[in-house]
Every structure is written in structure tokens, then in C-alpha cells.
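As a plain string of letters, each chain reads:
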Amino acid sequence: MFDFLAQTLSAEAPAAITGQTPNLDWIWREEGILELSPHQTCHSAVVISAGIHGNETAPIELLNQLVSELLSGHRPLHVRLLVLLGNPASMRINKRFVDADMNRMFGGRHTRYCPTGETRRAHELEQAMALFYRTSTAAGATYRYHYDLHTAIRGSLHVRFGMLPLQDRPYSPDMLKWLDAAGLDALVYHRSPGGTFTHFSSEVFGADSCTLELGKALPFGSNDHQQFTGIRLALQSLVSATQLPSRHADQPLESYRVTQDIIRSKEDFQLHVPAAALNFTPYPKGFLIAEESGKVYQVEKNEEFVLFPNPSVAMGLRAGLMLERF
């Protein structure tokens, strides 16, 4: 049985692109795209992606271990499963991306960029997801899920947290229960649409979707997987349709919503959040977050928390989020 991660990093197609175990059929559809189907009928179609940013290695390793357990027969499969290693080219060079951030390109936004390997790959992933959900529905799977696994660029006061895309329907109680059992420290609710992979799957396919931020970006082999026991057990429960694990966290799950999107739109943009500031650092009302010609960003609530501050993003992209706890 091939090692999915090693095979993807090799940039070569496997010797066989389809196979069967006593419990499942698998199809290698494209570089970093693997579909697994149980022999029995099931009602859930699950997409798990990692490596949209190539240097975010812990989720990639976590997902590869899950695939190995399924292919070896050590773990039963009771859902239709699509596994995606998002950006193999950047994984091979241990960089966030090669030319541009692919997690801003979904929902057709890749057509707004100059053609690169990442624009092509974003389109491939969209097509792979569309095919998977279409064939899964034809096979009787009516529930759709998508978990996109990431790590953060900088440290965080919440080591494990989820980002829920804006959607015009209620968030699935089953998904929220699963996220709690996975041991996340916090959930962040978006207030605007975006080019993320999970916004695409939620908006276009009605999938219950969440981006999971798990720890900090480190090289392959350098991750402390003890931090991710909860998410590992929750993923095992998800694919094997077993009872959810008990929550592995000392504190209850906290909830935040976005109050401001900090956009870098001018060359003179300045971010006043210190470079060493952790995600979820709180700031008081009136604090000057950022400024540029014709625009000032200040904390508007009594207290707001910074998330993903990055003054080096390309023009027109988000340089950070401000949140309130609720």
C-alpha cells in the first residue's frame, strides 16, 4: 500500500491509480487527490484537505496517518471520503505558497490572478470537489462535510481554533458538536464572504465546512502531535462513524465573531500590531490598529482581539481581522 504523502512529494503517479482492500475501494484521481469509498452504503460525503499552504505540515502528517490506517485496514471506513493535499509544489519546498496564496483563490477567484501553478491547482481542487459531491449524491450520500486543516503563521493564545465561513443558513449542530469534541479552544464566525476553500464548499455545495487552525507552522517531522490528540480522535470518529471522543481540553470552547476586516489597499499601509503579538491578543477601545492614506482602523468595541495580523500581504488583501467575544 503506498504512502500517500511520500507519493505526493515524489511528484510521480503511483504504479496503480485504483485499488481495493477488504473494506474499501480507492482511486488516485490526480496528484494529492485520493478518493476512498466503503463497500457498504453510507450517507455522508466527507472532504478533508490539508496543505493548501505547503509549510503547514502538522495537519498534512495527521491526514496522512489517517489515510494509512484506512488503507491498511486498521481503521474501518463508513463514509465516502475525499482526501486532498492542496499545494504539493509548495509542500516540496516547505513554503506557504510558490507564487500566491491559494486560500484566496477559491470560488472562481483564481481567474482574477495571473495564471500560475496555484491558479491551476485551485481550479483542479474545485473540480475534484464538484465531482466527488456529485458522485456521492448519486450513491446515496446526502450529508456533506468539509474540514480544511491548517496551522497559523504566528503563535496563538488559542492553540487550536476553527474559522466558520459566512453562510445564510444555520450552522449544523452536528458539526458544532464535532468541533467541540475535537478539543478546539475557540471558534471564529466570519461576517463576509471570502476566497477560502471552506467558504467555497459551504456556498457552492452546501457543505458543513470549517477551517481548522492547529498550532504553528513547523517543518515536516518537527510537530508535537500530542497537541492534536482531540482532532485526531475526532477525525477517526468521523470517518469510522463511531462515538465522538470526550473533549480533550481544560477550558470550554470560546466563540468570537469578526468585527473588522483590515485591508491593505495603499502602499503606505502601516499595521500597528507588534510583530511578536500572538493571535487573539486583546486591545482596548480606541487603539490604533492600522492606517493608510484616507483610512484609519481603530478598535471600536470595548475590547477586540487581533487575528492573523500580517502587514506584508499583497495589495487588496486582508492584513488581519479584529474580533469580539460573545
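Note that the structure is predicted; figures quoted are calculated from it, not measured.

Student: Please set out the overall build of the chain residue by residue, giving values where relevant.
Tutor: Looking only at helices and strands, the chain has seven helices and 16 strands in total. For the chain, the C-alpha atoms occupy an extent of roughly 60 × 45 × 40 Å along the three principal directions. Relative to its 326 residues, the chain shows a buried fraction of 56%. Here the contacts in the chain between residues at least 6 apart in sequence split such that 72% fall between residues at least 24 apart. Just so you have it, the chain exposes about 14,000 Å², and 52% of that area is on carbon and sulfur atoms. Positive and negative side-chain charges of the chain, numbering 29 and 34 respectively, have mean locations separated by a distance of 3 Å.

Student: Describe the UniProt feature "binding site: Zn(2+)" (unreviewed entry) in the chain, naming the residues involved and giving the relevant values.
Tutor: In this numbering, the UniProt entry assigns the feature "binding site: Zn(2+)" (unreviewed entry) to His 53, Glu 56 and His 150. Across 98 residues of sequence, these annotated residues stay compact in space, with a maximum C-alpha separation of 7.5 Å. Considered against the largest pocket, the annotated residues that line it turn out to be His 53, Glu 56 and His 150. By the element assignment, Glu 56 lies in the loop between β4 (44-50) and α2 (57-72). The class of Glu 56 is buried, set by a relative accessible area of 2%. Take His 150: it is sitting in strand β6 (residues 143-152). Discounting chain neighbours no more than four positions away, the residues touching His 150 are Ile 52, His 53, Glu 56, Pro 59, Asn 103, Thr 211, Leu 212, Glu 213 and Leu 214.

Student: Got a sec to walk through the packing of aromatic side chains? Specific residues and values, please.
Tutor: For the structure on display, the rule yields 14 aromatic pairs. Note on Phe 161 and Phe 280: the rings are 5.0 Å apart at their centroids and 85° apart in plane angle, and the pair reads as edge-to-face. Taken together, the residues Phe 161 in strand β7 (residues 160-164) and Phe 280 in the loop between β11 (270-271) and β12 (282-284) connect sequence positions 119 residues apart. As far as burial versus exposure is concerned, Phe 161 and Phe 280 are alike and both buried. Pairing Tyr 171 with Tyr 189 gives two aromatic rings, centres 5.3 Å apart and planes at 80°, and the pair type is edge-to-face. Here Tyr 171 is found in the loop between β7 and α5 (173-181), whereas its partner Tyr 189 is found in strand β8 (residues 186-189), with 18 residues between them in sequence. Among the aromatic residues, those joined into a cluster by ring pairs are Phe 106, Phe 132, Tyr 133, Phe 197, Phe 200 and Phe 205. The side chain of Arg 257 reaches across the aromatic face of Phe 326, ending 4.4 Å from its centre. Sitting over the ring of Tyr 297, Lys 295 keeps its end group 4.9 Å from the ring centre.

Rules used throughout
- Residues numbered from 1 in each chain as written.
- Predicted model: local features only at pLDDT ≥ 70, side-chain atom pairs only at ≥ 80, totals over all residues.
- Heavy atoms only, no water.
- Helix = DSSP H or I, 4+ residues; strand = E, 2+ residues; numbered from the N terminus.
- Buried < 20%, exposed > 50% of the residue type's maximum accessible area, 1.4 Å probe, protein only.
- Contact = heavy atoms within 4.5 Å.
- Areas by Shrake-Rupley, 256 points an atom, 1.4 Å probe, with all protein chains shown as cover.
- Lys, Arg positive; Asp, Glu negative; His and termini not counted.
- Charge placed at Lys NZ, Arg CZ, Asp CG, Glu CD.
- UniProt positions renumbered as here; feature names shortened; annotations may be inferred.
- 1 Å grid on protein atoms, 1.4 Å probe; cavity = no way out; pocket = protein on both sides within 12 Å on 5 of 7 lines; lining within 4 Å.
- Phe/Tyr/Trp six-rings, centres within 6.5 Å; stacked < 30°, edge-to-face > 60°.
- Lys NZ or Arg CZ within 6 Å of the ring centre and 35° of its normal.

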